[in-house]
Amino acid sequence: MKVLVYCKYFNFKNPLDKPKIETFVVNLPQIPKVGETIVVERISTQKQFVIIFEYIVTAVQLNASKESTDTADAQVNACLNHCWEGTSNFKITNFLEK
C-alpha cells in the first residue's frame, strides 16, 4: 500500500526554531492506524550509512477514490519519535523536504 506521510518535526538542537514539514511516500503492507509506528530508512549521502526513522501515526485519512495508480491509498500525519543508524526492510519511493 502506498501511504503519503506528513510529518512536522522540531529542531532537536534548537526547539524554538520554526518546525519543518516533511512529506514522503512509503510502501507499507497495510494502512497504519493512529498510535502505530512507521519505520522508514533514509540513506545519508554525506556519511554513507542508513538512518532509521521511527514515526508515530497521529491521524489517518483513507483515499476513497483512486483516480490513478500513482495516488496513495492513504494519507497519515505522524510525529518523529526516534532515529538511529542501522538497516531496515522499508523502502522510500519519494522523499521531499520542505
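Keep in mind it's a predicted model, so treat the numbers as computed, not measured.

S.K.: Looking at this structure, I do not really get the packing of aromatic side chains. What am I missing?
M.R.: Centre-to-centre distance and the angle between the planes together describe a pair of aromatic rings. This structure, assessed with the given rule, holds two aromatic pairs. With a centroid separation of 5.4 Å and 45° between ring planes, the pair formed by Phe-24 and Tyr-55 is classed as tilted. Here Tyr-55 lies in strand 4 (residues 49–62) and Phe-24 lies in strand 2 (residues 20–27), a separation of 31 residues in the sequence. Here Phe-24 matches Tyr-55 in class, with each residue buried. Ring centres of Phe-53 and Tyr-55 lie 6.2 Å apart, and the angle between their planes is 20°; this geometry places the pair in the stacked category.

S.K.: Please explain the confidence of the model for the protein chain as it appears in this structure.
M.R.: Do not read the predicted coordinates in detail wherever pLDDT is low. When pLDDT is averaged across the protein chain, the result is 77; 72% of the residues are at 70 or more. In the predicted structure, residues 93–98 sits below a pLDDT of 50 and forms 20 contacts with residues beyond four places in sequence or in another chain.

S.K.: Teacher, can you tell me more about the nonpolar core here?
M.R.: Across soluble globular proteins, you tend to see nonpolar side chains buried next to one another. In this structure, Val-5, Val-26, Ile-38 and Tyr-55 are the most contacted members of the largest nonpolar core, which totals 15 residues. Where this core is concerned, the elements lending two or more residues are strand 1 (2–9), strand 2, strand 3 (37–44), strand 4 and strand 5 (74–85). Residue contributions to this core peak at four residues, all from strand 1. If near-sequence neighbours (up to four positions away) are discounted, Tyr-55 is found in contact with Cys-7, Glu-22, Phe-24, Glu-36, Thr-37, Ile-38, Val-40, Ala-78, Cys-79, Leu-80 and Asn-81.

S.K.: Explain the environment of Leu-62 to me, please; I cannot follow it from the model alone.
M.R.: Along the chain, Leu-62 falls in strand 4. C-alpha separation for the pair Leu-62 and Val-3, spaced 59 residues apart in sequence, amounts to 9.3 Å. The residues touching Leu-62, leaving out its near neighbours within four places in the chain, are Ile-31, Asp-73 and Ala-74.

S.K.: Please clarify how a nonpolar patch on the surface should be interpreted in this entry.
M.R.: On the surface, Val-34, Val-60 and Leu-62 cluster together into a nonpolar patch covering about 270 Å² of accessible area. On the secondary structure map, Val-60 appears in strand 4. Residue class for Val-60 comes out partly exposed when judged on its relative accessible area of 33%.

S.K.: Just to check I follow, could you spell out the environment of Val-3 for this structure?
M.R.: By secondary structure assignment, the location of Val-3 is in strand 1. Taking the relative accessible area as the measure of exposure, Val-3 reaches 0% and is therefore buried. Distance in space between the C-alpha atoms of Val-3 and Val-76 is 7.2 Å, their sequence separation being 73 residues. Not counting the four nearest positions on each side in its chain, Val-3 is found in contact with Phe-24, Val-25, Val-26, Leu-28, Pro-32, Ala-72, Ala-74 and Val-76.

What counts, and at which threshold
Residues numbered from 1 in each chain as written. Predicted model: local features only at pLDDT ≥ 70, side-chain atom pairs only at ≥ 80, totals over all residues. Heavy atoms only, no water. Phe/Tyr/Trp six-rings, centres within 6.5 Å; stacked < 30°, edge-to-face > 60°. Helix = DSSP H or I, 4+ residues; strand = E, 2+ residues; numbered from the N terminus. Buried < 20%, exposed > 50% of the residue type's maximum accessible area, 1.4 Å probe, protein only. pLDDT = per-residue confidence, 0-100. Contact = heavy atoms within 4.5 Å. Core = buried A, V, L, I, M, F, W, Y, C linked by side-chain atoms within 4.5 Å. Patch = residues over 30% accessible without salt bridge, like charges linked within 9 Å, V, L, I, M, F, W, Y side chains within 5 Å. Areas by Shrake-Rupley, 256 points an atom, 1.4 Å probe, with all protein chains shown as cover. Salt bridge = Lys/Arg side-chain N within 4 Å of Asp/Glu carboxyl O.

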